[in-house]
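The lines below spell out each chain.
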Amino acid sequence: MKVTLLSGGTGTPKLLQGFMQLLPQEEIAVVVNTAEDTWLPHGYLSPDIDTVLYTLAGLVNEETWYGLRGDTFATHEQLRRLGFDEFMNIGDLDRATHIMRGELLRQGLTLEQVTRRLCEAFGIKASVLPMTNQELRSVIVTSQGEMDLHEFLIKHRAEPDVLGVRFEGRAEACEASVAAIKEADFVVIGPSNPVTSIMPILSMKEIRASLERRRESVVAVSPIVGNMPVSGPADKFLRAFGVEPTPRGVACLYRDVAAHMVVDESEAELHADGVEVHRTGILMRTPGDKRRLAEFLIKLMKHRH
Ligand code: GDP
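Computed from a predicted model, the values in this text were never measured in an experiment. (Residues numbered from 1 in each chain as written. Predicted model: local features only at pLDDT ≥ 70, side-chain atom pairs only at ≥ 80, totals over all residues. Heavy atoms only, no water.)

*Asks:* For this particular structure, what's the right way to read the nonpolar core?
*Replies:* Looking at soluble globular proteins, one finds that nonpolar side chains tend to be buried together. Ranked by internal contacts, the top residues of the largest apolar core, which has 43 residues, are Leu6, Ile189, Ile207, Leu211 and Tyr254. It is helix α8 (residues 194-202) that contributes the most residues to this core, five residues altogether. Apart from the residues lying within four places of it in its own chain, the contact partners of Ile189 are Leu6, Ile198, Val218, Val219, Ala220, Val221, Tyr254, Val257 and Ala258. (Core = buried A, V, L, I, M, F, W, Y, C linked by side-chain atoms within 4.5 Å. Buried < 20%, exposed > 50% of the residue type's maximum accessible area, 1.4 Å probe, protein only. Helix = DSSP H or I, 4+ residues; strand = E, 2+ residues; numbered from the N terminus. Contact = heavy atoms within 4.5 Å.)

So this is what it looks like as structure tokens:
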């Protein structure tokens, strides 16, 4: 069985850990958001790809959902002592990934090729695919000016009002991502931030068109339980996007690309036109929770392709 997940860097990687308990990695592909990628002085940061890589390698820091478990911060601390304000907390081992990626990109490899090299280096057998090999950036329009997501989340602690989100740049889908969507038995839009993680992926024309063509075998998992995201500020972004921050709002946002939506068992009866709504526990706290949700999705979607 082949499954392809669309992923950001927190909610979907948890679900990925569920699928990893049930399927060989060779049967899993992950199409990853790259709208938060950025050049840093030491290399190229691709935060969601890094989290997906570290998750598949069994190394991710599950307290923060970025970086490697048990990493040290000697370089970060020394930079601060030297008077260089590195506002992101980048670990020593994590930094090595960025250095390698930056160097290979400078040598002319595509992000997809670099990611494949990193997969080999980490012994990862799943396909990890950037949504695009080109540049597309999220710009967060806030009450305190425009900023990127890192600045919004870290420097400004997600406090400013969000007035809008725009994607800057012209990018085409990475062909391998489109192929992974076409070839999978079913596709999962993971419980990631709909605006900052999933919308950039869906803004790739070829990806959206491929999903639209097979929407009966596409299922989305809600990142919202009740009226609240499980973590992070997805509600602020949804409101700024003109979408109600509820499972129903998310189901409507994905209606053209996903015929199925999985919401939490605690939700009252809900109806979203043209979308089949399914209920189960979608909070993933333990390895067992993750496995159960992945199992539910496999059973639900097995015969729908
Ligand atoms: P980011 O790239 O770090 O912003 O991470 P994502 O976009 O992948 O994930 C953020 C979203 O994950 C938030 O909107 C959370 O509500 C959602 N999330 C986190 N943990 C869980 C969980 O256990 N279950 C569900 N359903 N959603 C979750």
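*Asks:* How should the side chain of His42 be read in this particular structure?
*Replies:* Along the chain, His42 turns up in the loop between β3 (38-40) and β4 (43-45). One polar contact links His42 to Arg95, side chain to side chain, over a distance of 3.4 Å. (Polar contact = N/O pair within 3.5 Å; in protein donor to acceptor, adjacent residues only side chain to side chain.)

*Asks:* Help me out: how do you make sense of the sheet that holds strand β13 (residues 260-264) in this one?
*Replies:* Strand-to-strand pairing in sheets goes through backbone hydrogen bonds, with the strands running parallel or antiparallel. Ordered by their spatial adjacency, seven strands build an open sheet running β5-β2-β1-β9-β10-β13-β14, and the pairing between neighbours is parallel. Lying at the two open borders of the sheet, with one neighbouring strand each, are β5 (127-130) and β14 (276-280). Here the strands of the sheet are splayed against their neighbours by 25° on average, with no regard to which way each runs. Pairing geometry for strand β1 (residues 3-7) and strand β2 (residues 28-32), over five bridges, is parallel. Its bridge partner being in β2, Thr4 is matched across the sheet by Ala29. Along the sheet face, helix α7 (residues 175-183) touches β1, β2, β5 and β9 (186-189) and points at about 125° away from the line of β5. (Pairing = 2+ DSSP bridges. Axes fitted to C-alpha atoms, helices over the stretch in contact; angles between N-to-C directions.)

*Asks:* Even after reading the chapter, I still don't get the environment of Thr64, so can you show me in this structure?
*Replies:* Mapped onto the fold, Thr64 is located in the loop between α2 (47-56) and α3 (74-81). Among the polar contacts listed, one links the side chain of Thr64 to the side chain of Asn61, at a separation of 3.3 Å.

*Asks:* Explanation requested: the packing of aromatic side chains in the structure shown.
*Replies:* For any pair of aromatic rings, geometry is given as the distance between the ring centres together with the angle between the planes. The full count for this structure, using the stated rule, is three aromatic pairs. Measuring from ring centre to ring centre gives 5.8 Å for Tyr54 and Phe122, while their planes differ by 75°; the resulting arrangement is edge-to-face. Here the residue Tyr54 occupies a position in helix α2, and Phe122 occupies one in helix α5 (residues 111-122), the gap between them amounting to 68 residues. Overall, Tyr54 belongs to the buried group, its relative accessible area being 0%. For Phe122, a relative accessible area of 28% translates into the label partly exposed. (Phe/Tyr/Trp six-rings, centres within 6.5 Å; stacked < 30°, edge-to-face > 60°.)

*Asks:* Help me understand the sheet that holds strand β6 (residues 137-142) in this model?
*Replies:* Spatial strand order, β7-β6-β8: three strands in an open sheet with antiparallel pairing. Strand pairing shows two members of the sheet lacking a second neighbour, β7 (145-147) and β8 (162-168), which therefore form its edges. The average angle at which neighbouring strand axes cross in this sheet is 25°, direction not considered. Of the strand pairs in this sheet, β6 and β8 are connected by six bridges, and their pairing is antiparallel. Bridging from a neighbouring strand, Val141 pairs with Gly164 of β8. Strand contacts of α8: β6 and β8, with the helix running at about 25° to β8, the strand carrying the most contacts.

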